[in-house]
Amino acid sequence: MLKLEHISITFNEGTPDEKRALQNINLKLNKGEFVTVIGGNGAGKSTLMNIISGNLISDVGNISIDGNRVDYLPEFKRSQFIGRVFQDPMAGTAPSMTIEENLAIAYARNKQRKLRLGVTNKRREMFREYLKTLNLGLESRLNAKVGLLSGGERQALSLLMATFTEPSILLLDEHTAALDPARAELITDLTSEIVEKFNLTTLMVTHNMQQALDMGDRLIMMDAGQIIFDVRGEEKSKLTIENLLEEFQRIRGRQLASDQAVLG
């Protein structure tokens, strides 16, 4: 479903601040695969997300989604295939618009451009049914401004907006990091339910090693713009945080700094 070949990008090339953000990344996700991405600060995790979404363009390499090349497409055209949830609950929604207006925009994302954004009674009822699955009571607040929602409610809405049109690829970029533990747990549970329900091909970046171990069926570890460890299935299910730290030290010859990841 997603294929990256020889992806590299360098920031500030030819200056004292030059940084090779991604180095020859090769990655393939099969349909329905749920991959968590772990790594320290500056490992290249968010850059990888931005390259896939089209927010950044790689210096070299190819990107394909469902067999079609997309690396030449701008971000707004890739959004027809990609749903994304950001770390900031304020991102990904329009705060001055109502819940139903935000859902109407998301609904039209992968439809023909001639589709009107207006909310019909039929569409409104469909939105209510989807909102009920969140168990937050938002189905009775369709005309509420999104900017008035709590951080957890807004992130839940962002998750629904990114997934209810069943995108080819779902990108989750530290999407629980800015929430308090209770709301983070809510969004984590919702994520697992929605990804399983729609069998979404998902790439989730996190600093939290335990979250990376608990979620998904495959885990990759990044460092200095490279994928250094890739594990899946039963082998992943047996891993612990200690195993990950040992693996990092074995591969890189140094310890992962304690301030670069949530270790417990």
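These notes cover the structure that comes with them. Note that the structure is a prediction, hence the values are computed from the model and not measured.

Of the volumes computed, that of the largest pocket is approximately 420 Å³. Taken together, 19 residues line the largest pocket, and the ones lying closest to its centre are Ser 79, Arg 84, Phe 86, Gly 92 and Arg 109. Breaking the lining of the largest pocket down by element, the ones donating at least two residues are α2 (75-78), β6 (82-85), α3 (99-107) and α5 (151-163). A per-class count over the lining of the largest pocket returns eight nonpolar, seven polar and four charged.

Moving on: the sheet that holds strand β2 (residues 19-29). Here we have four strands laid out as an open sheet, ordered β2-β1-β4-β5, and antiparallel in their pairing. Edge strands, defined here as strands with exactly one partner in the open sheet, are β2 and β5 (68-69). With seven bridges connecting them, strand β1 (residues 2-11) and β2 associate as antiparallel partners. Each bridged residue has a counterpart across the sheet, and for Phe 11 the counterpart in β2 is Lys 19. Along the sheet, helix α1 (residues 45-53) makes contact with β1, β2 and β4 (60-65), crossing β1 at roughly 115 degrees.

Let's shift gears to the pattern of salt bridges. Overall, the coordinates contain 15 salt bridges when judged by the stated rule. Here Glu 5 makes a salt bridge to Lys 3, at a shortest N to O gap of 3.8 Å. A residue is classified by how much of its surface remains accessible, and Glu 5, at 26% relative accessible area, is partly exposed. Residue Lys 3 is classed as partly exposed on the basis of its relative accessible area of 40%. Its salt-bridge partner being Lys 238, residue Glu 234 comes within 3.3 Å of it at the nearest N-O pair.

As a further point, take the pairing of strand β8 (residues 201-205). For β8, the buried fraction is high: five of the five residues fall into the buried class. Going residue by residue along β8, you find Thr 201, Leu 203 and Val 205 tucked away on one face and Thr 202 and Met 204 tucked away on the opposite face as well. Strand direction decides the pairing type here: strand β3 (residues 34-39) and β8, joined by four bridges, are parallel. Looking at β8, one finds that Val 35 is bridged to Leu 203. Of the strand pairs in this sheet, strand β7 (residues 169-173) and β8 are connected by five bridges, and their pairing is parallel. Note that in β8 the partner of Leu 172 across the bridge is Met 204.

The subject of this paragraph is the environment of Ser 79. Mapping Ser 79 onto the fold places it in the loop between α2 and β6. Ser 79 sits in the partly exposed class, given a relative accessible area of 23%. Between the alpha carbons of Ser 79 and Pro 167 there is a distance of 8.7 Å; along the sequence they are 88 residues apart. For Ser 79, the side chain forms a polar contact with the main-chain oxygen of Phe 76, separated by 2.5 Å.

Running from N to C, α5 and helix α6 (residues 181-198) point in directions that differ by 15 degrees, and their axes come no closer than 10 Å. The pairing of α5 with α6 is recorded here as roughly parallel in orientation. Two packed elements cross with a definite hand, and for α5 against α6 that hand is right-handed. Of the residues in α6, those touching α5 at Gly 152, Gln 155, Ala 156, Leu 159 and Thr 163 are Arg 183, Ile 187, Leu 190, Thr 191, Ile 194 and Phe 198.

Rules used throughout
- Residues numbered from 1 in each chain as written.
- Predicted model: local features only at pLDDT ≥ 70, side-chain atom pairs only at ≥ 80, totals over all residues.
- Heavy atoms only, no water.
- 1 Å grid on protein atoms, 1.4 Å probe; cavity = no way out; pocket = protein on both sides within 12 Å on 5 of 7 lines; lining within 4 Å.
- Points joined across faces, edges and corners; volume = space filled by probe spheres on them.
- Helix = DSSP H or I, 4+ residues; strand = E, 2+ residues; numbered from the N terminus.
- Nonpolar A, V, L, I, M, F, W, Y, C, P; charged D, E, K, R; others polar.
- Pairing = 2+ DSSP bridges.
- Contact = heavy atoms within 4.5 Å.
- Axes fitted to C-alpha atoms, helices over the stretch in contact; angles between N-to-C directions.
- Salt bridge = Lys/Arg side-chain N within 4 Å of Asp/Glu carboxyl O.
- Buried < 20%, exposed > 50% of the residue type's maximum accessible area, 1.4 Å probe, protein only.
- Polar contact = N/O pair within 3.5 Å; in protein donor to acceptor, adjacent residues only side chain to side chain.
- Parallel < 35°, antiparallel > 145°, perpendicular 65-115°, else oblique.
- Left-handed = near helix turned anticlockwise from the far one by under 90°.

Functional significance is not addressed by these values, which are geometric in nature.
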